[in-house]
Amino acid sequence: MKKVALLEISDWEKEALQKFPEFLAIADLYSESLSSENIEKFQDYAIISPFINSRFTPEVITKLPHLRYITTRSTGFDHIDVDYCREKKILVSNVPAYGSHTVAEYTFALLLCLVRKIYDAYHRVREEGNFSLENLRGRELFGKTLGVIGTGRIGTNVVKIAKGFQMKILAYDRYPDKEKEKQLGFTYVSLEQLLQESDIITLHVPYNSSTHHLLNSNNIPLIKKGAFVINTARGGIIETEALYQALKSGQIAGAALDVLEEEKEIKEEQELLLKDRLNETEKLKNVVLNHILVDLDNVLVTPHNAFNTEEALHNIIVTTIDNINSFLQGKPQNLVS
Ligand code: NAI
């Protein structure tokens, strides 16, 4: 057994890792994510590097007695109970900045696809050989108000791109950066004002207890009628049922979602059905709602793909190897707890 277990390794990662033979000498590669069924296999490792589909709950962590370090190959770390890790003296790192351009650019890819109906246009020509413009009329971004929720690394790049489209930008952040506001030329407002005045709302906050259902049945009704919502952050930031109701009623004109609440469950529905159904009712409801959202004409869903560029993936591998080497040298970096 080697020191490090890399979980959820895909074929491209295996290939890319061949360039790092010294690292491979200390690391075992596994394609599966961590689950209660396979946990015994990983119980002797001191270092585990998951992607986003392995959940490190207290119950799981307790069964990994030798675990000292988790380094996730993602920016978000909401799949890891960092408070419990702190209690157990397990360090946790992430890859903080690999995707700040990649995700910001994808946000605009989704936004343009949604407001200019690019998918419908493409599908009509390719699948139907039909060049009609019926129902393909879109809207300009020029002069519209973009509401950016979270002005960290990704949100800041979104602001910069929006400037190129000559949009007006409102922002909401728990920790407003007044210097950045002045430099980039946007305006911090309350969440309520942002929802009321934005033509397009885009989410760039992490998922944690303070952002769970940040957009919910109480404040979604404040959203300007006919606005669009883009979510490339995490599904649980929006209350799925409230979003669905607003899309159905036409209050929200359309949504582009790279992330869904319970997106892990939608991939593993059979597993969910086999679990204790009483405890899983809320999750099952969201899985059903996700299927309904996927089928709505005014909703564009992609499979958590925003991070997926060659440049970002290269950064993820290099930073993760660096994180592990730094930990082994007693100088852990990129710690989130
Ligand atoms: P960041 O840490 O640089 O910025 C997050 C911002 O959110 C900060 O300015 C922070 O003050 C603000 N914030 C935190 N809690 C808040 C709250 N309760 N209310 C208001 N503002 C709050 O993070 P970064 O790099 O911009 O990434 C944002 C998120 O994007 C990640 O946490 C991750 O979940 C998601 N992401 C999604 C990807 C995808 O493939 N779809 C890829 C990479 C990141």
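Residues numbered from 1 in each chain as written. Predicted model: local features only at pLDDT ≥ 70, side-chain atom pairs only at ≥ 80, totals over all residues. Heavy atoms only, no water.

Here the focus is the domain arrangement of the protein. When the domains of the protein are assigned, the result is domain 1 (4-98 + 312-328) and domain 2 (100-304). Each of domain 1 and domain 2 has a C-alpha centre, and these two points are 29 Å apart. On the side of domain 2, 11 residues touch domain 1, which itself brings nine residues to the contact. Around 960 Å² of area is buried between domain 1 and domain 2 when both sides are counted, 44% of it from carbon and sulfur atoms. When the buried area of domain 1 at its contact with domain 2 is split by residue, N53, R55 and D78 rank highest and sum to 46% of it. Linking domain 1 with domain 2 are one salt bridge. A salt bridge links R234 to D78, with the nearest nitrogen and oxygen atoms 3.0 Å apart. Counting every contact that joins domain 1 to domain 2 gives two residue pairs in polar contact (both at pLDDT 80 or more). Each residue belonging to the side of domain 1 that touches domain 2 can be placed in one class, and the counts come to five nonpolar, two polar and two charged. (Domains from an automatic or database assignment. Contact = heavy atoms within 4.5 Å. Buried area = accessible area lost by both parts, 1.4 Å probe. Salt bridge = Lys/Arg side-chain N within 4 Å of Asp/Glu carboxyl O. Polar contact = N/O pair within 3.5 Å; in protein donor to acceptor, adjacent residues only side chain to side chain. Nonpolar A, V, L, I, M, F, W, Y, C, P; charged D, E, K, R; others polar.)

Bringing the site of the ligand into the picture now. The environment of the ligand is formed by 25 residues, the closest being R153, I154, D173, S210 and T232. The backbone of R174 places a nitrogen or oxygen atom 3.0 Å from a nitrogen atom of the ligand. In this structure, R234 approaches the ligand through a side-chain N or O atom, which is 3.4 Å from an oxygen atom. Expressed as a share of its isolated accessible area of 870 Å², the protein-covered part of the ligand is 90%. A breakdown of the residues in the shell around the ligand according to their chemical character gives 11 nonpolar, nine polar and five charged. When we break the shell around the ligand down by domain, the ones giving at least three residues each are domain 1 (4-98 + 312-328) and domain 2 (100-304). (Near = heavy atom within 4 Å. Areas by Shrake-Rupley, 256 points an atom, 1.4 Å probe, with all protein chains shown as cover.)

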